[in-house]
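One letter stands for each residue in the lines below.
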Amino acid sequence: MPMSAKSNACRPWDDEQVERLKELIASGASAVRAAAALKRARSSVQVKARKLGMPFMASRDVKRLRDAKIAAAESTPLRITTAHHTER
């Protein structure tokens, strides 16, 4: 049975992809987002992250963090600056 062109089963990770995965995890990206960025299966990036000792945050923790950021942004008053022009 031929493998589809989209399949990347057993495709080895190169150093560049591993570094990109580490960056994505550090930035708080989800496993789904990292998988899309690396063109790999979600399960593949999750397994690799765990092997690197950098597992993705649980989805409930990601949601809690996102909600906290939104609440903080909503509670911060907007600063409106105006430019003062003098006409002569």
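Because the structure is a prediction, the values reported are computed rather than measured.

### Brief notes about unusual backbone geometry
- Located in the positive-phi region is lysine 39, a residue other than glycine, with phi close to 55°.
- Relative to the assigned elements, lysine 39 resides in the loop between α2 (31–38) and α3 (42–51).

### A short note on the packing of aromatic side chains
- Within the structure shown, the criterion is met by zero aromatic pairs.
- When the ring centre of tryptophan 13 is taken as origin, the NZ or CZ atom of arginine 40, which lies over that ring, is 4.0 Å away.

### With respect to the packing of helix α1 (residues 15–26) against α2
- α2 packs onto α1 with a crossing angle of 150° between their chain directions and a minimal axis gap of 10 Å. The orientation of α1 with respect to α2, classified from their angle, is roughly antiparallel. Note that α1 runs across α2; the crossing there is right-handed. Residue-level contacts link Gln17, Arg20, Leu21 and Leu24 of α1 to Ala34, Ala37 and Leu38 of α2.
- Tallied by class, residues from the contact of α1 with α2 come to five nonpolar, one polar and one charged.

### Describing the nonpolar core
- Core analysis: the largest hydrophobic core is formed by 13 residues, its most contacted members being Trp13, Leu21, Leu38, Val45 and Phe56.
- Elements represented by at least two residues in this core include exactly α1, α2 and α3.
- In this structure tryptophan 13 touches Val18, Leu21, Leu38, Arg40, Ser44, Val45 and Lys48, once residues within four positions along its chain are discounted.

### Observations concerning the packing of α2 against α3
- Running from amino to carboxyl end, α2 crosses α3 at an angle of 105°, the nearest separation of the two axes being 8 Å. Considering their axes alone, α2 and α3 lie roughly perpendicular with respect to each other. Only Arg42, Val45 and Gln46 of α3 make contact with α2, whose side of the interface consists of Ala31, Val32, Ala34, Ala35 and Leu38.
- Broken down by class, the residue content of the contact of α2 with α3 amounts to six nonpolar, one polar and one charged.

### Quick look at the pattern of salt bridges
- Counting across every chain of the model gives four salt bridges.
- Glutamate 19 is paired through a salt bridge with lysine 22; the nearest N and O atoms lie 3.6 Å apart. Taken together, the residues span about one helical turn, with glutamate 19 and lysine 22 both in helix α1 at a distance of three residues.
- The partner of lysine 63 in a salt bridge is aspartate 67, and the shortest N-O contact between them spans 3.1 Å. Note that lysine 63 and aspartate 67 are positioned in helix α4 (residues 59–75) at a spacing of four residues, about one turn of the helix.
- The exposure class of aspartate 67 is partly exposed, given its relative accessible area of 34%.

### Some words on the confidence of the model for the protein chain
- Chain-level pLDDT for the protein chain is 84 on average; 83% of the residues reach the 70-or-more range.
- In the model, residues 1–5 has pLDDT below 50 throughout and makes zero contacts with residues more than four positions away in sequence or in other chains.

Rules used throughout
Residues numbered from 1 in each chain as written. Predicted model: local features only at pLDDT ≥ 70, side-chain atom pairs only at ≥ 80, totals over all residues. Heavy atoms only, no water. Helix = DSSP H or I, 4+ residues; strand = E, 2+ residues; numbered from the N terminus. Phe/Tyr/Trp six-rings, centres within 6.5 Å; stacked < 30°, edge-to-face > 60°. Lys NZ or Arg CZ within 6 Å of the ring centre and 35° of its normal. Axes fitted to C-alpha atoms, helices over the stretch in contact; angles between N-to-C directions. Parallel < 35°, antiparallel > 145°, perpendicular 65-115°, else oblique. Left-handed = near helix turned anticlockwise from the far one by under 90°. Contact = heavy atoms within 4.5 Å. Nonpolar A, V, L, I, M, F, W, Y, C, P; charged D, E, K, R; others polar. Core = buried A, V, L, I, M, F, W, Y, C linked by side-chain atoms within 4.5 Å. Buried < 20%, exposed > 50% of the residue type's maximum accessible area, 1.4 Å probe, protein only. Salt bridge = Lys/Arg side-chain N within 4 Å of Asp/Glu carboxyl O. pLDDT = per-residue confidence, 0-100.

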